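# Analysis of the macromolecular model
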Number of protein chains: 4
Amino acid sequence: MMGNADLVLKLLHLNGSAAFNRWAGFEIVSAEPGRVELRMGWKEEAGQYAGFLHAGLVGAMIDTTCGFAAFTQVGAVLASHYSVNCMAPAVGRAFHCVGQVVKAGKRQVFTRAELFAEAEDGTRKLVATGETILMTAA
Amino acid sequence: MMGNADLVLKLLHLNGSAAFNRWAGFEIVSAEPGRVELRMGWKEEAGQYAGFLHAGLVGAMIDTTCGFAAFTQVGAVLASHYSVNCMAPAVGRAFHCVGQVVKAGKRQVFTRAELFAEAEDGTRKLVATGETILMTAA
Amino acid sequence: MMGNADLVLKLLHLNGSAAFNRWAGFEIVSAEPGRVELRMGWKEEAGQYAGFLHAGLVGAMIDTTCGFAAFTQVGAVLASHYSVNCMAPAVGRAFHCVGQVVKAGKRQVFTRAELFAEAEDGTRKLVATGETILMTAA
Amino acid sequence: MMGNADLVLKLLHLNGSAAFNRWAGFEIVSAEPGRVELRMGWKEEAGQYAGFLHAGLVGAMIDTTCGFAAFTQVGAVLASHYSVNCMAPAVGRAFHCVGQVVKAGKRQVFTRAELFAEAEDGTRKLVATGETILMTAA
């Protein structure tokens, strides 16, 4: 496991190296071994028909946050499976995703995440949850 | 159920009304009751660290195609759950997603999808599969 | 929502009315609104090839516990979807499953569960997690 | 890959060596590389509250059939994840589950299955689908 300052630096580098993450505006809010929080500000281009955050971006935040959380414990990983539960319309000025490692094995890492919408007054509401399974680098 | 010409028109409208779909460049290739094919050309901004299609976009294509397939049978739906299996690196000049309805009930629609990467020589390879559960409009 | 004594009685009745639950020996350990703990003692007939608890019974405990947790908040429900993550061999003298409601909507209830194996010395180890989506009675 | 006669024998042995499979009465109907069909006759002890097949047994059939299908291609595997979609009440005199390998990699095998209820007149109805992810033996 890495120290916190070290792993924030590594995650900043990882996040910055992915073109889609830059387009989406994913920001690392905090990171510690086994737990990462990601933020994305609302932008028009991220919307679906009704102007909510597109379910694909809900999944992208969950997949990315969980991958980062796994990275903090085992280094490089590859997404193998993820699932997304859409519980309420994803509407807000920003979105926060908190991902954590449930179990890190030698070959697989199991993680889960919660995604919150931040309203204009700063209050947060749970709008989605998800899980990912990642493979460690061979 | 709608006639094919009618439902292609409705899907073109639906697809065009979602800002994220326009940004991603999702195109409707074909549509019939219970089955839709979606295409997305590769673009730099859609990449993850290694330059493959970001898993979030893999999920966005699966979620969108399945939602469209459900729409062809029951009209307006809301995504409730989706899952994504990443089986091979999503690398190609374009991606094709074929979604179909497995069971359309009164309250829920179950669908599944396969995502293929199209190589420079035009050959296609299965790189991901997924499932979605959608709620019919109340 | 029901009072705790009332809902334990209702769950005992529900549990006793299902033949498979009686065969498996599912016992309700505790129940409060939105949270239920279920126990199953190890028995030979529940084993797979290597003598661990069969993954089907891991799923049955998760499905049952989550259904009971949903029942405590919204009454009768129908399982629509569930998933199971097998993280470690399910070996022990007993198994405990803790299920909780994540979000109870008008039409759907989202829940999650953790399954622990109890060793001979009484210590518990997380061996599986799962999620369920349930439909409320129409 | 094994020849069909050889792999049916190996699956019969595998199936017979699991106590839960014997209790449930799982029978191998057919097997070929990458595809297995399993049957279970209805029995009272397998029922839930309303007398339908318990969702745990629906999952157990899906998990088992998929594990057998994976075995036909890569030998010993361990279940890592499975999911179950309950689409209609599982009512019938018998249940048939058809599982197939979608992609067999070096470390992971992705499979999917469909479960049919057989009515008194012999007709079959799709009542559930599922997916599993299995790890190859290290």
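In case you missed it, the structure is sitting above this.
Summary of the structure given here.

Reading guide: rules and limits
- Residues numbered from 1 in each chain as written.
- Chains lettered and ligands numbered in written order.
- Predicted model: local features only at pLDDT ≥ 70, side-chain atom pairs only at ≥ 80, totals over all residues.
- Heavy atoms only, no water.
- Least-squares fit on C-alpha atoms with pLDDT ≥ 70 in both.
- Contact = heavy atoms within 4.5 Å.
- Axes fitted to C-alpha atoms, helices over the stretch in contact; angles between N-to-C directions.
- Helix = DSSP H or I, 4+ residues; strand = E, 2+ residues; numbered from the N terminus.
- Parallel < 35°, antiparallel > 145°, perpendicular 65-115°, else oblique.
- Left-handed = near helix turned anticlockwise from the far one by under 90°.
- Nonpolar A, V, L, I, M, F, W, Y, C, P; charged D, E, K, R; others polar.
- Buried area = accessible area lost by both parts, 1.4 Å probe.
- Polar contact = N/O pair within 3.5 Å; in protein donor to acceptor, adjacent residues only side chain to side chain.
- Pairing = 2+ DSSP bridges.
- Buried < 20%, exposed > 50% of the residue type's maximum accessible area, 1.4 Å probe, protein only.
- 1 Å grid on protein atoms, 1.4 Å probe; cavity = no way out; pocket = protein on both sides within 12 Å on 5 of 7 lines; lining within 4 Å.
- Points joined across faces, edges and corners; volume = space filled by probe spheres on them.

## With respect to the relation of the copies chain B and chain A
- At an RMSD of 0.0 Å, chain B and chain A line up after a rotation of 180° and a shift of 0.0 Å along the axis. One copy is carried onto the other by what is essentially a two-fold rotation axis. Considering only C-alpha atoms, the residue of chain B closest to the rotation axis is B:Ser83, which sits at 2.0 Å.
- Most of the interface of chain B is mirrored in chain A: 100% of its interface residues are interface residues there too.

## With respect to the packing of helix 1 (residues 4-16) of chain B against helix 3 (residues 55-74) of chain B
All names here are of chain B.
- Relative to each other, helix 1 and helix 3 sit at 135°, their axes nearing to 11 Å. The angle between helix 1 and helix 3 places the two elements in the oblique class. Taken as a pair, helix 1 and helix 3 cross one another with a handedness that is right-handed. Facing helix 1, whose interface residues are Leu7, Lys10, Leu11, Leu14 and Asn15, helix 3 presents Phe68, Phe71 and Thr72.
- In terms of residue class, the contact of helix 1 with helix 3 is made up of 5 nonpolar, 2 polar and 1 charged.

## Some points on the interface of chain B and chain A
- Facing 30 residues of chain B, the contacting portion of chain A comprises 30 residues.
- At the boundary of chain B with chain A, total buried surface from both sides reaches about 2400 Å², with 59% on carbon and sulfur atoms.
- For the pair chain B and chain A, the number of links is 22 residue pairs in polar contact (both at pLDDT 80 or more).
- For the side of chain B that touches chain A, the secondary-structure elements that each account for two or more residues are helix 2 (19-24), helix 3 and strand 3 (77-86) of chain B.
- Residues that form the side of chain B that touches chain A fall into these classes: 15 nonpolar, 12 polar and 3 charged.
- In this structure, strand 3 (residues 77-86) of chain A lies alongside strand 3 of chain B, joined through 5 bridges in antiparallel fashion. Of the residues in strand 3 of chain B, the one forming a bridge with A:Val84 is B:Tyr82.

## A short note on the side chain of D:Asn15
Residue and element names in this part refer to chain D.
- Residue position: Asn15 is located in helix 1 (residues 4-16).
- Judged by relative accessible area, Asn15 falls into the buried class, the value being 7%.
- Within the structure, the side chain of Asn15 is placed 2.9 Å from the backbone oxygen of Phe26, a separation counted as a polar contact.
- Excluding anything up to four places from it in sequence, Asn15 contacts Asn21, Arg22, Phe26, Glu27, Ile28 and Phe68.

## Observations regarding the pairing of strand 3 of chain B
Residues and elements named next belong to chain B.
- Among the 10 residues in strand 3, 7 count as buried, and that is most of the element.
- Inspection of the sheet shows strand 3 paired to strand 6 (residues 124-136) by 9 bridges, in the antiparallel sense. Across the sheet, the residue bridging to Asn85 is Thr129, located in strand 6.

## Observations regarding empty space enclosed by the protein
- As enumerated under the stated definition, the model contains 4 cavities of 30 Å³ or more in all.
- Volume-wise, the largest cavity comes out at about 230 Å³.
- Lining the largest cavity are 25 residues, and of these A:Arg112, A:Gly130, A:Glu131, C:Arg112 and C:Glu131 lie nearest its centre.
- Among the secondary structure elements, those contributing two or more residues to the lining of the largest cavity are strand 5 (108-118) and strand 6 (124-136) of chain A together with strand 5 (108-118) and strand 6 (124-136) of chain C.
- Broken down by class, the residue content of the lining of the largest cavity amounts to 9 nonpolar, 10 polar and 6 charged.
- B:Arg112, B:Glu131, D:Val102, D:Arg112 and D:Glu131 are the residues nearest the centre of the second largest cavity, which is lined by 19 residues in total.
- Contributing elements (two or more residues each) for the lining of the second largest cavity: strand 5 (108-118) and strand 6 of chain B together with strand 5 (108-118) and strand 6 (124-136) of chain D.
- A total of 5 residues in the lining of the second largest cavity trace back to one element, the largest contributor, which is strand 5 of chain D.

## So, the packing of helix 3 (residues 55-74) of chain A against helix 3 of chain B
- Where helix 3 of chain A meets helix 3 of chain B, the closest approach of the two axes is 8 Å, and the angle between their N-to-C directions is 150°. If you check the angle between helix 3 of chain A and helix 3 of chain B, you find them roughly antiparallel. For the element pair helix 3 of chain A and helix 3 of chain B, the recorded crossing hand is right-handed. On helix 3 of chain B, the residues touching A:Ala55, A:Gly56, A:Ala60 and A:Asp63 of helix 3 of chain A are B:Ala55, B:Gly56, B:Ala60 and B:Asp63.

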